[in-house]
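Each chain is listed here by its residues.
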Amino acid sequence: MSAPAMGTSRPAVADGALGRKRGPGALAAAYLVLYNVVMTAGWLVIAVGLVRAYLARGSYHGLYYSIEKPLKFFQTGALLEVRGIVPSSVVLTGFQVMSRVFLTWAVTHSVREVQSEDSVLLFVVAWTITEIIRYSFYTFSLLNHLPYLIKWARYTFFIVLYPMGVTGELLTIYAALPYVQKTGLYSITLPNKYNFSFDYHTFLILSMASYIPLFPQLYFHMFRQRKKVLGHVEDYSKVE
């Protein structure tokens, strides 16, 4: 499952006995800005690739093939986030990134029969819009010039994009199940010298089942974050 990481504060460390907090040093901040700019540009490339392919073909079927390489590159590049490259919760970021990398490589790449499924385009579009907004949010936050429109989009678009992405992910895994079962992909059977067995087909089913308890928790967590970040602004607008 790929819930957008919702943390907004920059990495901070204690500032002496005063207990103040400060952001990253100049060099670290420059690196963070560069990383987020590159990732924003990368997902924009994916978005443009999708639009151009759609206009050229006149159909949304099979658009995955037009952005397969950049999608794999930039989604895998997000693994750097687990080490705190972006200013967000390490736990939420790690969950989001690992689930997306898993779906990118262990499902969509490995089971080529599902690459033409409409469900793949569903999660790719959801990821693309989410990541353009998210990395833009981080970039402008690090520069201390965050436009309200980007902040609003960061904490509003997930309402539609998160269920859309989760639906695409689940349908894609489900479509992969017959091929995984037929080929025995990534499965380990007994007997073997390690006396160990692993059924990838069952693992995928369990992965799908994990969405049941996790999706509501993460989704409503994001609503709470939205109220925390945007609530006072909306309340003020009502008063006006």
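Counting restarts for each chain, with residues numbered from 1 along the sequence as it is written. Owing to the predicted nature of the model, reporting of local features is limited to residues with pLDDT of at least 70; listing and counting of side-chain atom pairs is limited to 80 or more, with chain, interface and lining totals taken over all residues. Note: side-chain values were computed over all heavy atoms of the structure, leaving out hydrogens and water.

In the annotation of an unreviewed UniProt entry, the protein chain is listed under the name Very-long-chain (3R)-3-hydroxyacyl-CoA dehydratase and assigned to Electrophorus electricus. UniProt positions are given in the numbering used here, feature names are shortened, and annotations may be inferred rather than shown by experiment. UniProt, in the comment section headed Pathway (unreviewed entry), describes the protein chain in these words: "Lipid metabolism; fatty acid biosynthesis." The UniProt entry for the protein chain carries the following text under Sequence similarities (unreviewed entry): "Belongs to the very long-chain fatty acids dehydratase HACD family."

Re the UniProt feature "transmembrane region" (unreviewed entry) in the protein chain
Within this structure's numbering, the places UniProt gives as "transmembrane region" (unreviewed entry) are residues 28-55, 155-180 and 200-220. Secondary structure elements are defined from DSSP: runs of H or I of at least 4 residues count as helices, runs of E of at least 2 residues count as strands, and each element is numbered from the N terminus. The distance from the first to the last C-alpha atom of residues 28-55 is 41 Å, and the span holds 100% helix and 0% strand.

Details of the packing of helix α1 (residues 26-57) against helix α4 (residues 118-142)
Their axes nearest at 8 Å, the elements α1 and α4 cross at an angle of 150 degrees. With respect to each other, α1 and α4 are oriented roughly antiparallel. The chirality of how α1 crosses α4 is left-handed. For the pair formed by α1 and α4, the contact residues are L32, V33, Y35, N36, V37, M39, T40, W43, L44, I46, A47 and L50 on the first element and L121, V124, V125, W127, T128, E131, I132, Y135, S136, Y138, T139 and L142 on the second. A per-class count over the contact of α1 with α4 returns 18 nonpolar, 5 polar and 1 charged. All axes are obtained by fitting lines to C-alpha atoms, using only the stretch in contact for helices, and the reported angles, taken between N-to-C directions, cover 0 to 180 degrees. Orientation is classified from the angle alone, with under 35 degrees giving roughly parallel, over 145 giving roughly antiparallel, 65 to 115 giving roughly perpendicular, and any other angle giving oblique. Helix crossings are classified by the rotation of the near helix relative to the far one: an anticlockwise turn of less than a right angle makes the crossing left-handed, while a clockwise turn makes it right-handed. In what follows, a contact means two residues having at least one pair of non-hydrogen atoms within 4.5 Å. Under the scheme applied here, ten amino acids are nonpolar (Ala, Val, Leu, Ile, Met, Phe, Trp, Tyr, Cys and Pro), four are charged (Asp, Glu, Lys and Arg), and all others, including Gly, are polar.

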